[in-house]
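Chain by chain, the residues:
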Amino acid sequence: MSVAALRLIRCRRLSTAGPPGVKKVLQWKDLSKLLDIIGLRVHSLLGCLFITYEVVALDKAVTIDTSAILQEKYKSYIYLKATPSDEKDNLAAGLTHKTRRELHKAARRFLEISSRLFLRSLDEHFTNVDADPHEVALWVLLKRTMSANKAIRLQAVQELADNRHWHDYQYQTAAQVIDQRTAVGLARTPRVDLRFFRHPPALRNLEDVSEDELRQLLASLPQSEVDKCVQYFTSMALRESTQSMAAQRGGLWCFGGNGLPYAQSLTSVPSEKVESFCLQALVQHSKSHCDHIVANGGLQLLQRVYQLRGDSLKIQRNIVRIIGNLALNEGVHKAIAQSGWVSVLAEMMQSPHVMQASHAARALANLDRETVKEKYQDGVYILHPQTRDNQPIKADVLFIHGILGAAFKTWRQKDRVTLEEEREAESKDDYTECWPKSWLAADCPNLRVLSVEYDSHLSDWMAKCPAENQRKSLAYRSQELLKKLKQAGVGERPVVWVAHSMGGLLVKKMLMDASEDPDMQGLLQNTKGVMFYSVPHHGTFMAEYSVNVRYLLFPSIEVRELCKDSPALRNLNENFLSIAKEKEIKVLSFAETLPTNIGPMIKILVVPTQSANLGIGELIEVDVDHLNICKPEKKDSFLYKRSLQFIQEALKSYISH
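Residues numbered from 1 in each chain as written. Predicted model: local features only at pLDDT ≥ 70, side-chain atom pairs only at ≥ 80, totals over all residues. Heavy atoms only, no water.

Identification of the protein chain as Protein SERAC1 from Acanthochromis polyacanthus is taken from an unreviewed UniProt entry. Check the Sequence similarities (unreviewed entry) section of the UniProt entry for the protein chain; it says "Belongs to the SERAC1 family." (UniProt positions renumbered as here; feature names shortened; annotations may be inferred.)

Have a look at this one:
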């Protein structure tokens, strides 16, 4: 019986007891209410006591001995002891494996998110996605690279490349997502991270690139649409390759015995000479037989040769030269990208070798139809800007080498001849292989600097080609270069020409031809200056020397065109003077004063001052020989500073604002 019940009975007894006549103090009704209130409070009090008891009991029941926890915690620690290096390597490898496994899990999670994101419109802005903001930022940029708005695409590519804080797996993810257009844009961005690009596809039998494969590719190309000289050295390359294969398969019996030792010394890798012949021929065919080369597996074969011959810069340049020619055809851009060439070109762009980087820059410019409308034919190289640049281009400077020169080596810094000069150069580390690219581009960043090369790609065979005499004439070269320069957009902006030796005669011939061609009037009107380095305007005494000596500098037909006071030179000079005066073209000429060493015990003043004097503009004599007249000794030398001053003055009204 509860306490409340006992109290109720007690109260009832009190209420009915007492002598008669005594007035009842409490009515039962009132007493009942009072008891209800008291009982409620008692129940509440008892409930609180019960809960307090249970809490205290529970606290005692769940009390944990923290010392036991610490003991277990110490057991879970990893205690490292000094281990030998091989054990450390194994441990590091294990940790690296675990780390990579976790990264792969994160990447899979990231791809799951991305697969959903790319199905949404950009307006949703990923508001309902549970992802790290850094990851979301990457996908925002990747999606913007596919925008229909060109300005948005270009800005997204720039921001992708500028952000140097992406994780490795994010670079890998981006490489799988970006399209061909974005990949090319990234490749043409300065100092881009190469992790943005997928590696070239795995190629079978990388060590087994046989001469037979190059020969088959070359033999499969039609001989139509190529001139006689291309046909000539194609057959020559095939003949050399066939002889090499015969030697490899059967040994050289003419050496006596069975030739086995010689055959065993030959590897499955083609000799550089035979490869060079085949690639030189493919360079020419790539201008007119682009589709045939791609259809016959040429891109994959060239990729294998490129990877295999990483020790030969020359072979790699010729291969990239072929890719640059193929890229002139927009129909094969997709095939070029799918065969892994964009990543190869991006890496080559960052080469410290000027020639390697410039060949890659040309190929990528031809692939970049997003920001480049010009097309750079074989032999026209961009020295600046080689990447996408926010700097607006206001004018062009063109460099034209002489007969035995080249687009790069002619314009290098003066060679160090003494040990003291070499040591000084090493300490300063400022030697440049191409001063227009290194110095002029830095001093005039809003100029486009081009270097033109002609015929050097045929120099190994063209002396033997029956049709080469026609190709070496000034008239032929002028027409050929004018077509190439027009496709490169030369003439749409103000132009300054820079020429060495016979290159100056070629410049004058091109300007004369342009004056007679209605389609080339823009080039003539925009020519603002011409700078000549030892150009034989009136011929050279070299033509009076023996045939062997003449051939060193001016082979074949050039000798006749350079005879002193020849009618052709006189006519060319008079026409140019007329054009220069009419169009108010600025002219600066440099003349050599030292003889040039052209052989043992033979020194000749190649272009005397009288021949270098055009009769218009300023003439400056410099104490150097014919080969070094266009090679400044250093950036603060008089030769470079005066050349820079002339270019800036000729283009002053165009580049100063």
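**Q** Break down the overall build of the protein chain for me, with residues and values.
**A** Of the regular secondary structure elements, the protein chain holds 30 helices and nine strands. Taking all 657 residues of the protein chain together, the buried fraction comes to 46%. Pairs at least 24 apart in sequence give 75% of the contacts found in the protein chain among residues at least 6 apart. (Helix = DSSP H or I, 4+ residues; strand = E, 2+ residues; numbered from the N terminus. Buried < 20%, exposed > 50% of the residue type's maximum accessible area, 1.4 Å probe, protein only. Contact = heavy atoms within 4.5 Å.)

**Q** Any chance you could break down the pattern of salt bridges for me, citing the residues and the numbers?
**A** Here the structure, examined in full by the defined rule, presents 22 salt bridges. Between glutamate 492 and lysine 373 there is a salt bridge, and its shortest N-O distance comes to 2.8 Å. With glutamate 492 in the loop between helix 22 (474-487) and strand 4 (495-500) and lysine 373 in the loop between helix 18 (354-367) and strand 1 (380-384), the pair connects residues that are 119 residues apart, well separated along the chain. A single burial state applies to glutamate 492 and to lysine 373, both of which are exposed. (Salt bridge = Lys/Arg side-chain N within 4 Å of Asp/Glu carboxyl O.)

**Q** So what's going on with the confidence of the model for the protein chain? Which residues, and what values?
**A** Per-residue confidence for the protein chain gives a mean pLDDT of 78, with 64% of residues at or over 70. This stretch, residues 121-129, has a pLDDT under 50; its non-local contacts, to residues over four places away or in other chains, come to 11 contacts. Low confidence marks residues 550-556, where pLDDT is under 50. Its contacts with residues over four positions away, or in another chain, come to 26 contacts. (pLDDT = per-residue confidence, 0-100.)

**Q** Before we move on, could you go through the nonpolar core and cite the residues and values that matter?
**A** Ranked by internal contacts, the top residues of the largest apolar core, which has 61 residues, are Leu186, Phe196, Leu326, Ile336 and Trp341. With residues near it in sequence (within four places) discarded, tryptophan 341 still touches Leu299, Leu302, Gln303, Tyr306, Ile319, Ile323 and Ile336. Membership of the second largest hydrophobic core comes to 44 residues, among which are Met502, Met520, Leu524 and Leu577. (Core = buried A, V, L, I, M, F, W, Y, C linked by side-chain atoms within 4.5 Å.)

**Q** Go over the packing of helix 20 (residues 435-443) against helix 29 (residues 638-650) with me, naming the residues and quoting the values.
**A** Helix-helix packing: each pair is described by the crossing angle between the helix axes and the interaxial distance. With their axes 11 Å apart at the nearest point, helix 20 and helix 29 run at an angle of 55° to one another. In this view, helix 20 runs oblique relative to helix 29, as classed from their interaxial angle. Here the hand of the crossing between helix 20 and helix 29 comes out right-handed. Here Trp435, Trp439, Leu440 and Asp443 of helix 20 come into contact with helix 29, specifically with Tyr640, Leu644, Ile647 and Gln648. Among the residues forming the contact of helix 20 with helix 29, the class breakdown is six nonpolar, one polar and one charged. (Axes fitted to C-alpha atoms, helices over the stretch in contact; angles between N-to-C directions. Parallel < 35°, antiparallel > 145°, perpendicular 65-115°, else oblique. Left-handed = near helix turned anticlockwise from the far one by under 90°. Nonpolar A, V, L, I, M, F, W, Y, C, P; charged D, E, K, R; others polar.)

**Q** How would you sum up helix 20? Please name residues and give values.
**A** Within the sequence span of helix 20, burial applies to Trp435, Pro436, Trp439, Leu440 and Ala441. Here the buried face of helix 20 lies against strand 1, strand 2 (395-400), strand 3 (447-452), strand 5 (527-533) and helix 29.

**Q** I'd like a rundown of the pairing of strand 3, residues and numbers included.
**A** The buried count for strand 3 comes to six of six residues, which makes it a mostly enclosed element. The pairing of strand 1 with strand 3 spans four bridges and is classified as antiparallel. Among the inter-strand pairings, histidine 384 is bridged to a residue of strand 3, identified as valine 449. Bridging between strand 2 and strand 3 involves six bridges; their strand directions are parallel. Within the sheet, the bridge partner assigned to aspartate 396 lies in strand 3 and is arginine 448. (Pairing = 2+ DSSP bridges.)

**Q** With reference to specific residues and values, describe the packing of helix 14 (residues 298-308) against helix 15 (residues 313-326).
**A** Across the interface, helix 14 lies against helix 15 with an axial gap of 10 Å and an inter-helix angle of 155°. Classified by the angle their axes make, helix 14 and helix 15 are roughly antiparallel. Both helix 14 and helix 15 take part in a crossing whose hand is left-handed. Residues Leu299, Leu302, Val305 and Tyr306 of helix 14 form the contact with helix 15, whose participating residues are Ile315, Gln316, Ile319, Val320, Ile322, Ile323 and Leu326. Looking at the contact of helix 14 with helix 15 residue by residue, the classes come out as 10 nonpolar, one polar and no charged.

**Q** An account of the environment of valine 184 is needed here, citing residue identities and associated values.
**A** By the secondary structure assignment, valine 184 is in helix 8 (residues 180-187). A C-alpha to C-alpha distance of 6.8 Å links valine 184 and leucine 364, two positions 180 residues apart in sequence. Excluding residues within four positions of it along the chain, valine 184 makes contact with Val342, Leu364, Leu367 and Asp368.

**Q** I'd love a proper account of helix 15, names of residues and values included.
**A** Taking 1.5 Å of rise per residue, the 14 residues of helix 15 would be expected to cover 20 Å, and the 20 Å separating its terminal C-alpha atoms lies within 8% of that figure. In terms of burial, helix 15 is largely enclosed, as 12 of its 14 residues are buried. Residues of helix 15 that are buried include every one of Ile315, Gln316, Arg317, Asn318, Ile319, Val320, Arg321, Ile322, Ile323, Gly324, Asn325 and Leu326, and no others. (Expected span 1.5 Å × (residues − 1).)

**Q** If you had to explain the sheet that holds strand 6 (residues 586-592) to someone new, which residues and values would you point to?
**A** Spatially, 1-3-2-4-5-6-9 is the arrangement adopted by the seven strands of the open sheet, whose pairing is mixed. For this open sheet the edge positions go to strand 1 and strand 9 (618-622), each flanked by a neighbour on one side alone. Going across the sheet, the axis of each strand differs from the next one's by a mean of 20°, ignoring polarity. With five bridges joining them, strand 2 and strand 4 adopt parallel strand pairing. Along strand 4, the bridge assignment pairs leucine 398 with tryptophan 497. The sheet strands contacting helix 20 are strand 1, strand 2, strand 3 and strand 5, and the helix crosses strand 2 at an angle near 155°.

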